[in-house]
Amino acid sequence: MVFTEEDGCGLLFALSLVRADQELARTFNGRSPASYSWGELHPCRLLHTPLSQTFLDYVFGMRYPCPGNTRTVNVAAHFMRNGNYEARHGPNYRSVIDMDDSAQSFFIIDTGQSENLFSKHYRDLNELHRRGELVPMRSPAEALRADVAESILDIHFEVPTDKPDAVSYTHLTLPTIYSV
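Residue numbers restart at each chain and count upward from 1, following the sequence in its written direction. Whole-chain, interface and lining totals are the exception, using all residues; otherwise, since this is a predicted model, local features are given only for residues with pLDDT of at least 70 and side-chain atom pairs are given and counted only at 80 or more. Only heavy atoms go into the side-chain values, all of them from the structure, while hydrogens and water stay out.

### Brief notes about the nonpolar core
Thought 1: The definition of a nonpolar core used throughout is a set of buried Ala, Val, Leu, Ile, Met, Phe, Trp, Tyr and Cys residues joined through side-chain atoms within 4.5 Å. Burial status follows relative accessibility: with a 1.4 Å probe on protein chains alone, a residue under 20% of its type maximum counts as buried, one over 50% as exposed, and anything between as partly exposed. Ranked by size, the top nonpolar core spans nine residues in total: C44, L46, F60, M62, Y64, C66, A76, A87 and Y122.
Thought 2: Note on contacts: a residue pair is in contact if any heavy atoms of the two residues lie within 4.5 Å. Ignoring sequence-local partners within four residues, the contact set of Y64 consists of P43, C44, L46, D110, N126, H129 and R130.

This is how it looks when you write it as structure tokens:
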């Protein structure tokens, strides 16, 4: 069917609503529109290359309902040329960095800290990422340093009075950060 300017925007708008309703009914298998959810229609799929291209995708890949679209802060773009609303890219890394106080910096990634499927850290950050939460951006050493005296490195120099250009090292103090 071809439309012209005389047909008007109202007809095109009505037709687009009818087509959208038909597509949603087909996608949700005829369920009631009250049961539709954007997250179900628009899943986020995290691929593990190359294993997500095999039957092992159900083990290595991650798939979950995804909020957002290309016009939201929580970007999750889809491309209809793929034939679905599956998110193709989004905010997989988020951070808030305090340039004045690094202890007040936070981050999150969408999967986990490890790519090893057998590690407890393979998916350990996914749920936090989905909820929009962040974790402190601190290393174990930084956490321990917070409990150590302010001066981590204390170097004392001695300047001989008879040779003002010569500096000799007298002692170096390093606190124990890790104990075995």
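Right, picking up where we left off after that structure.
### Quick word on helix α1 (residues 8-27)
Note on helix geometry: an α-helix contains 3.6 residues per turn, so any two residues three or four positions apart are oriented the same way.
Thought 1: Numbering of helices and strands runs from the N terminus; a helix is a DSSP stretch of H or I covering at least four residues, while a strand is a stretch of E covering at least two. The span expected for a helix works out to 1.5 Å for each residue beyond the first. Taking 1.5 Å as the rise per residue, α1 with 20 residues should run 28 Å; its terminal C-alpha atoms sit 29 Å apart, in good agreement.
Thought 2: A positive phi of about 55 degrees marks N29, the residue just after α1.

### Thoughts on the pairing of strand β4 (residues 106-109)
Thought 1: For two strands to pair, DSSP has to find at least two bridges joining them. Where strand β3 (residues 93-96) and β4 come together, four bridges link them in antiparallel fashion. Among the inter-strand pairings, R94 is bridged to a residue of β4, identified as I108.
Thought 2: Across two bridges, β4 lies against strand β5 (residues 135-136) in antiparallel orientation. In the sheet register, F107 faces β5, and the bridge partner there is V135.

### Digging into the pattern of salt bridges
Thought 1: Put simply, a salt bridge is a Lys or Arg side-chain nitrogen that is within 4 Å of an Asp or Glu carboxyl oxygen. Counted by the stated rule, this structure contains six salt bridges.
Thought 2: One salt bridge connects R31 with E40, and the closest N-O pair in it is separated by 3.0 Å.
Thought 3: By relative accessible area, E40 is classed as partly exposed at 42%.
Thought 4: Of the charged contacts, one joins R130 and E127 as a salt bridge, the two residues approaching to 3.6 Å between their closest N and O atoms. Residue R130 and its partner E127 are both found in helix α4 (residues 126-130); the two are separated by three residues, about one turn of the helix.

### Description of the sheet that holds β4
The strands making up a sheet associate through hydrogen bonds between their backbones, and the pairing can be parallel or antiparallel.
Thought 1: Ordered by their spatial adjacency, three strands build an open sheet running β3-β4-β5, and the pairing between neighbours is antiparallel. With partners counted over all chains shown, the strands left at the sheet margins are β3 and β5, one partner each.

### Observations regarding the packing of aromatic side chains
Thought 1: Two rings from Phe, Tyr or Trp (for Trp, the six-membered ring) form a pair when their centres are within 6.5 Å of each other. A pair whose planes differ by under 30 degrees is stacked, one over 60 is edge-to-face, and the rest are tilted. For the structure shown, the criterion picks out three aromatic pairs.
Thought 2: Judged by centre distance (5.9 Å) and plane angle (65 degrees), the ring pair of W38 and Y85 falls under edge-to-face. Pair noted here: W38 is in helix α2 (residues 38-41) and Y85 is in the loop between β2 (62-65) and β3, with a separation of 47 residues, a long-range link.
Thought 3: You can call Y85 buried: its relative accessible area is 18%.

### Section: the layout of surface pockets
Thought 1: Note on definitions: the grid is 1 Å and covers protein atoms alone; a cavity is a set of points where a 1.4 Å probe fits but cannot get out; a pocket is an open set with protein on both sides within 12 Å along at least five of seven lines; lining residues have an atom within 4 Å of a point. Grid points are joined across faces, edges and corners, and a volume is the space filled by probe spheres set on the points. Here the largest pocket is characterised by a volume of approximately 350 Å³.
Thought 2: As for the largest pocket, its lining consists of 21 residues, and the residues nearest its centre are C44, L46, Y64, G90 and D110.
Thought 3: Mapped onto the lining of the largest pocket, the elements with two or more residues apiece are β1 (43-46) and α4.
Thought 4: The greatest single-element share of the lining of the largest pocket, amounting to three residues, is contributed by β1.

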